[in-house]
Amino acid sequence: MSIQTLISQATTPSSPFDTDSFNQVVMSTYARFPIALERGAGCRVWDTQGREYLDFVAGIATCALGHAHPALIEAVTQQVQKLHHVSNLYYIPEQGELAKWIVQHSCANRVFFCNSGAEANEAAIKLARKYAHTVQQIEKPIILTAHDSFHGRTLATITATGQPKYQKNFEPLMPCFHYVPYNDIEAVEVAISELDEGDYRVGAILIEPLQGEGGVRPGDIAYFQKLRQICDETGVLLIFDEVQVGMGRTGKLWGYECLGVEPDIFTSAKALGGGIPIGAMMSKSFCDVFQPGEHASTFGGNPFVCGVALTVCQTLEQENILQNVEERGEQLRVGLQAIAAKYPNHISEVRGWGLINGMVLNAQIALTAADVVKAGIDEGLLLVPAGPKVIRFVPPLIVTEKEVEEALQAVDRAMASVTKE
Ligand SMILES: *Cc1c(COP(=O)(O)O)cnc(C)c1O
């Protein structure tokens, strides 16, 4: 079924979604925007009242192929009809195929599959700790992470996340994490030398090539190249969290390609399954020190998710989607810069790579990213904040020139509405 056919299949608008009864039974971990989405096709979604939105969130940088992509529908349907779950007690051909694709298309030699970004980072943290104990000979290995980073919501990954707001009230945190400012090489050098004391020593650095949740902040090429050099000289492992920027989001398949350095270990999740829950931790062979029984996941790498993720990977290649990401990303940034020039008192910067971009609001004014996102919803455009002052643009990677143009017009209208006297 083509996307055009799906778009034309209108549903009957129902009464407003009952948010009160929803909130009575679902834990209140999310401050949700007051719409309920029930259908999607391509870069568009419809709410329960039949209202159409252009989706520049894509399930938070996840639905790389958009909604109801024919290849995704076919992969999901076929794999469920064949076999969906068996556990890792047995060999899973689809898991092997997906791992082979990742290894052939990255600097990694080995893959471990799990179900989410946080779990992928947990696996990387465990691997780094075992490597420290068995190879680096560190009794108490310290992992360096960056201020304003985001690595997930499990206890180890909130500890790794350099933002106190995610840690508050969940103490005690995991020991042996230390934070340094992002893009500041001197801070890393100081930390590595000062934290080398007794049983303690830095064993690994866990860092995002571009900070996503922390405000769409790209990594400096010079900083990352120096990081690589320091890690080579000291034997510290370099781990990249590619959960948000990997799988083509930046216009390159992996974020590290934008920086010209290879990590020793990296993680992926969000876009890997195009919206099907899957996470993965990749490593070079020299640091794959796991033995059977040391790490595991019941669902991880099952035939269903791996079959679907492999289709997502192959579709990225076959439809030449990375080129679209570069072109549409450039178009979007140029358009956003023109809007920023219209509102110089409100917008201070536009930044990003490929199709992960942030529009930064002036720190001196009261206007928040959430205000602009709400105004966007009123204009039929879905956006997501990245921190209090940055509006993030992460559309499906298949977004068209016309859709980017349409989104820019909606942003312009949203800015006009939030800035009017
Ligand atoms: C979203 C995200 C995570 C967490 O992924 P989950 O699937 O929500 O656990 C980790 N790291 C980065 C960089 C992310 O953007």
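Rules used in this analysis
- Residues numbered from 1 in each chain as written.
- Predicted model: local features only at pLDDT ≥ 70, side-chain atom pairs only at ≥ 80, totals over all residues.
- Heavy atoms only, no water.
- UniProt positions renumbered as here; feature names shortened; annotations may be inferred.
- Helix = DSSP H or I, 4+ residues; strand = E, 2+ residues; numbered from the N terminus.
- Buried < 20%, exposed > 50% of the residue type's maximum accessible area, 1.4 Å probe, protein only.
- Contact = heavy atoms within 4.5 Å.
- Pairing = 2+ DSSP bridges.
- Axes fitted to C-alpha atoms, helices over the stretch in contact; angles between N-to-C directions.
- Parallel < 35°, antiparallel > 145°, perpendicular 65-115°, else oblique.
- Left-handed = near helix turned anticlockwise from the far one by under 90°.
- Nonpolar A, V, L, I, M, F, W, Y, C, P; charged D, E, K, R; others polar.
- Core = buried A, V, L, I, M, F, W, Y, C linked by side-chain atoms within 4.5 Å.
- Domains from an automatic or database assignment.
- Salt bridge = Lys/Arg side-chain N within 4 Å of Asp/Glu carboxyl O.

In the nomenclature of an unreviewed UniProt entry, the protein chain is known as Acetylornithine aminotransferase of Brasilonema sennae CENA114. Recorded in UniProt under Pathway (unreviewed entry), the annotation for the protein chain is "Amino-acid biosynthesis; L-arginine biosynthesis; N(2)-acetyl-L-ornithine from L-glutamate: step 4/4."

1. With respect to the UniProt feature "binding site: N(2)-acetyl-L-ornithine" (unreviewed entry) in the protein chain
The positions that UniProt labels "binding site: N(2)-acetyl-L-ornithine" (unreviewed entry) are, in the present scheme, Arg 153 and Ser 297. Note on placement: Arg 153 falls in the loop between strand 5 (140–146) and helix 7 (155–160). Classification of Arg 153 as exposed rests on a relative accessible area of 59%. Once residues within four sequence positions are removed from consideration, Arg 153 is found in contact with Ala 118, Ile 158 and Tyr 166. For Ser 297, a relative accessible area of 14% corresponds to the buried category. Ser 297 has contacts with Asn 88, Phe 112, Phe 113, Cys 114, Asn 115 and Glu 119, leaving out every residue within four places of it along the chain.

2. So, the UniProt feature "modified residue: N6-(pyridoxal phosphate)lysine" (unreviewed entry) in the protein chain
Within the UniProt annotation, "modified residue: N6-(pyridoxal phosphate)lysine" (unreviewed entry) is assigned to Lys 270. Its location among the elements puts Lys 270 in the loop between strand 11 (265–268) and strand 12 (279–283). Residue classification places Lys 270 among the partly exposed positions, given a relative accessible area of 21%. Residue contacts for Lys 270: discarding those within four places in its chain leaves Ile 60, Ala 61, Thr 62, Glu 213, Val 243, Gln 244 and Gly 275.

3. Description of the sheet that holds strand 16 (residues 384–385)
Within a sheet, neighbouring strands are paired by backbone hydrogen bonds and run either parallel or antiparallel to one another. Spatial ordering of the open sheet is given by 13-14-17-16, a layout of 4 strands whose pairing is antiparallel. Two strands in the sheet have a free side with no partner beyond their single neighbour: strand 13 (347–353) and strand 16. Strand direction decides the pairing type here: strand 14 (residues 356–361) and strand 17 (residues 390–393), joined by 4 bridges, are antiparallel. Counterpart to Met 359 in the pairing with strand 17 is Ile 391. Lying on the sheet, helix 11 (residues 321–342) is in contact with strand 13, strand 14 and strand 17; it crosses strand 13 at an angle near 175 degrees.

4. Remarks on the sheet that holds strand 11
Here we have 7 strands laid out as an open sheet, ordered 4-12-11-10-7-5-6, and mixed in their pairing. In the strand order of this sheet, the two ends are held by strand 4 (110–114) and strand 6 (177–180), each with one partner. Taken pair by pair, the neighbouring strands of this sheet meet at an average axis angle of 25 degrees, ignoring direction.

5. What about the packing of helix 4 (residues 70–82) against helix 10 (residues 303–318)?
It is the contact of helix 4 with helix 10, at a shortest axis distance of 9 Å, that shows an interaxial angle of 155 degrees. In terms of axis orientation, helix 4 runs roughly antiparallel to helix 10. Like other packed secondary-structure pairs, helix 4 and helix 10 cross with a definite hand, here right-handed. The segment helix 4 lies against helix 10, with Ala 71, Leu 72, Ala 75, Val 76, Gln 79 and Val 80 engaging Pro 303, Phe 304, Gly 307, Val 308, Thr 311, Val 312 and Thr 315. The residue makeup of the contact of helix 4 with helix 10, split by class, is 9 nonpolar, 4 polar and no charged.

6. As for the packing of helix 11 against helix 13 (residues 401–419)
Where helix 11 contacts helix 13, the axes come no closer than 10 Å and their chain directions differ by 20 degrees. Here helix 13 runs roughly parallel to helix 11, going by the angle between their axes. The handedness of the crossing between helix 11 and helix 13 comes out as right-handed. Here Arg 328, Gln 331, Leu 332, Gly 335, Leu 336, Ile 339 and Lys 342 of helix 11 come into contact with helix 13, specifically with Glu 401, Val 404, Glu 405, Leu 408, Val 411, Asp 412 and Met 415. Here the residues of the contact of helix 11 with helix 13 sort into 7 nonpolar, 2 polar and 5 charged.

7. Remarks on the pairing of strand 13
Strand 13 sits mainly inside the fold: 5 of its 7 residues count as buried. With 6 bridges joining them, strand 13 and strand 14 adopt antiparallel strand pairing. For Gly 352, the partnering residue across the bridge sits in strand 14 and is Asn 357. Linking two consecutive strands that pair antiparallel, namely strand 13 and strand 14, is a turn of 2 residues; a positive phi of about 50 degrees is found at Gly 354 within it.

8. Details of the nonpolar core
One finds Phe 56 and Ile 207 to be the most contacted residues of the largest nonpolar core, which totals 103 residues. When residues in this core are grouped by element, the largest group, 9 residues, is from helix 10. Three or more residues apiece are contributed to this core by two domains, here domain 1 (72–318) and domain 2 (335–390 + 408–421). Dropping the residues within four chain positions of it, Phe 56 is found in contact with Leu 332, Leu 381, Leu 382, Leu 383, Arg 392, Phe 393, Val 394, Pro 395, Val 399, Glu 403, Val 404 and Ala 407. Core analysis: the next-biggest nonpolar cluster, separate from the first, contains 22 residues, Ile 125, Leu 127, Tyr 131 and Ala 156 among them.

9. Topic: the pattern of salt bridges
Oppositely charged side chains can form a pair if their charged atoms are brought close together. Enumeration over the complete set of coordinates arrives at 18 salt bridges. A single network of salt bridges, built from pairs that share partners, joins Arg 44, Glu 52 and Glu 406.

10. Observations concerning the side chain of Gln 163
With respect to the helices, strands and loops of the structure, Gln 163 is situated in the loop between helix 7 and strand 6. Dropping the residues within four chain positions of it, Gln 163 is found in contact with Asp 148, Ser 149, Phe 150 and Gly 214.

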